[in-house]
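What follows is each chain in one-letter form.
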Amino acid sequence: MSSEVSARRDAKKLVRSPSGLRMVPEHRAFGSPFGLEEPQWVPDKECRRCMQCDAKFDFLTRKGLISQHHCRRCGKCFCDRCCSQKVPLRRMCFVDPVRQCAECALVSLKEAEFYDKQLKVLLSGATFLVTFGNSEKPETMTCRLSNNQRYLFLDGDSHYEIEIVHISTVQILTEGFPPGGGNARATGMFLQYTVPGTEGVTQLKLTVVEDVTVGRRQAVAWLVAMHKAAKLLYESRDQ
């Protein structure tokens, strides 16, 4: 793909929605596979009580009327007290933090860790022994997420591109338990995906290279980040 075509596909535009400003792809089909669509708001005429504390809207208290607000993530109605937090919501491409209910705010804050830390790990890449299908001979390759987050690149003696949306299975492979207890050691990852225009499922196995300490730490961090990315992918797919 030429750089000109790639740049055109990755172009973004600023749009204003009822929830706030969003920086979205020019072409919807080329958006991040981890993104979420804005929810349909519960109509104002159906918002009579807060979904969390059950306070009645427009009820007069000593502090004034109880006003209603829509959570930008779930679209439900809440009172000001139960929907007061403004939290970044990157999966919906909001430029600024937006109002969210307590439950949604907690989820968005956890996702912020993925965007602040784990996404950078995926973009940086790591080195693995890669085995395709039933092949018995692995190939040393660098695996990384593309800058537009839509492809998994594998580079070694050959080059492969796997479209993220076509990944169906992500499983971390582990072995044993360290002395004194603790978590099992991550040794690799098993992936299954489909290739457009072909039948059946293709699989590959990533194995951590054990003889380089620094490289191993980076590879394990990449596996953990990829596992988290898969969870976000499944959520976006099931929306």
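The structure presented is a predicted model; accordingly, all values stated were derived computationally and were not measured.

Comments concerning the overall build of the protein chain
Now for step 1: Scanning the protein chain from N- to C-terminus turns up three helices and 15 strands.
Now for step 2: Out of the 239 residues in the protein chain, the part that is buried amounts to 37%.
Now for step 3: Put simply, 47% of the contacts in the protein chain that link residues at least 6 apart link residues at least 24 apart.
Now for step 4: As displayed, the protein chain offers around 14400 Å² of accessible surface, 51% of which is attributable to carbon and sulfur atoms.

Details of the layout of surface pockets
Empty space among the atoms can be located by rolling a probe the size of a water molecule over them.
Now for step 1: The volume enclosed by the largest pocket comes to roughly 860 Å³.
Now for step 2: Considering the residues around the largest pocket, the lining is formed by 32 residues, among which P25, G31, S32, G35 and C93 are closest to the centre.
Now for step 3: Breaking the lining of the largest pocket down by element, the ones donating at least two residues are β1 (12-17) and β2 (20-25).
Now for step 4: By residue number, the principal contributor to the lining of the largest pocket is β2, which donates four residues.

Points about the confidence of the model for the protein chain
Now for step 1: Counting all residues, the mean pLDDT for the protein chain is 87, and 89% of those residues have values of 70 or more.
Now for step 2: For the protein chain, the element scoring lowest by mean pLDDT is strand β3 (residues 60-61), at 51; strand β11 (residues 151-155) scores highest, at 97.

Concerning empty space enclosed by the protein
Now for step 1: Per the counting criterion, the structure on display carries one cavity of 30 Å³ or more.
Now for step 2: Considering only enclosed or pocket space, the largest cavity measures out at about 40 Å³ in volume.
Now for step 3: As for the largest cavity, its lining consists of P88, L89, R90, R91, S108, E111, A112 and Y115.
Now for step 4: Its residues placed into classes, the lining of the largest cavity shows four nonpolar, one polar and three charged.

What to know about the state of the cysteines
Now for step 1: Enumeration over the complete set of coordinates arrives at one disulfide.
Now for step 2: Two residues, C47 and C77, share a disulfide whose sulfurs are 1.7 Å apart. Placement of the pair is C47 in the loop between β2 and β3 and C77 in strand β6 (residues 77-79), with a sequence separation of 30 residues.
Now for step 3: Relative accessible area serves as the criterion here: at 8%, C47 is assigned to the buried category.
Now for step 4: This cysteine, C79, is not joined by any disulfide, and C82 carries the nearest cysteine sulfur, 3.6 Å off.
Now for step 5: Here C101 stays unpaired: no disulfide links it, and the sulfur of C104, its closest cysteine neighbor, is 3.5 Å away.
Now for step 6: With relative accessibility at 4%, the residue C101 sits in the buried group.

Let's talk about helix α2 (residues 102-124)
Residues spaced three or four apart along an α-helix face the same direction, because each turn holds 3.6 residues.
Now for step 1: If you check α2, its first and last C-alpha atoms are 33 Å apart, about what 23 residues at 1.5 Å a residue would give, namely 33 Å.
Now for step 2: Along α2, the sharpest kink reaches roughly 40°, centred on Q118.
Now for step 3: Within α2, burial applies to C104, A105, S108, E111, A112, F114, Y115, Q118, L119 and L122.

Observations concerning the nonpolar core
Now for step 1: Grouped together as the largest cluster of nonpolar side chains are 35 residues, with contacts concentrated most on F128, L154, L206 and W222.
Now for step 2: No other element matches helix α3 (residues 213-238), which puts 10 residues into this core.
Now for step 3: Those residues in contact with F128, other than ones at most four positions away along the chain, are E139, T140, M141, C143, L206, T207, V208, V209, A219, W222 and L223.
Now for step 4: Core analysis: the next-biggest nonpolar cluster, separate from the first, contains 13 residues, C47, C71, F78 and C101 among them.

Considerations on a nonpolar patch on the surface
Now for step 1: Side chains of L14, M23 and V95 sit close together on the surface and give an oily, nonpolar patch of about 260 Å² of accessible area.
Now for step 2: Summarising the element assignment, V95 is placed in the loop between β7 (85-87) and β8 (98-100).

Side note on the side chain of R73
Now for step 1: With respect to the secondary-structure elements, R73 resides in the loop between β5 (68-70) and β6.
Now for step 2: Side-chain polar atoms of R73 contact the side chain of E111, separated by 2.8 Å.
Now for step 3: The residues touching R73, leaving out its near neighbours within four places in the chain, are L36, P39, L89, R91, M92, Q100, C104, V107, S108 and E111.

What counts as what
Residues numbered from 1 in each chain as written. Predicted model: local features only at pLDDT ≥ 70, side-chain atom pairs only at ≥ 80, totals over all residues. Heavy atoms only, no water. Helix = DSSP H or I, 4+ residues; strand = E, 2+ residues; numbered from the N terminus. Buried < 20%, exposed > 50% of the residue type's maximum accessible area, 1.4 Å probe, protein only. Contact = heavy atoms within 4.5 Å. Areas by Shrake-Rupley, 256 points an atom, 1.4 Å probe, with all protein chains shown as cover. 1 Å grid on protein atoms, 1.4 Å probe; cavity = no way out; pocket = protein on both sides within 12 Å on 5 of 7 lines; lining within 4 Å. Points joined across faces, edges and corners; volume = space filled by probe spheres on them. pLDDT = per-residue confidence, 0-100. Nonpolar A, V, L, I, M, F, W, Y, C, P; charged D, E, K, R; others polar. Disulfide = S-S within 2.5 Å. Expected span 1.5 Å × (residues − 1). Bend = angle between axes of the 7 residues up to and from the residue. Core = buried A, V, L, I, M, F, W, Y, C linked by side-chain atoms within 4.5 Å. Patch = residues over 30% accessible without salt bridge, like charges linked within 9 Å, V, L, I, M, F, W, Y side chains within 5 Å. Salt bridge = Lys/Arg side-chain N within 4 Å of Asp/Glu carboxyl O. Polar contact = N/O pair within 3.5 Å; in protein donor to acceptor, adjacent residues only side chain to side chain.

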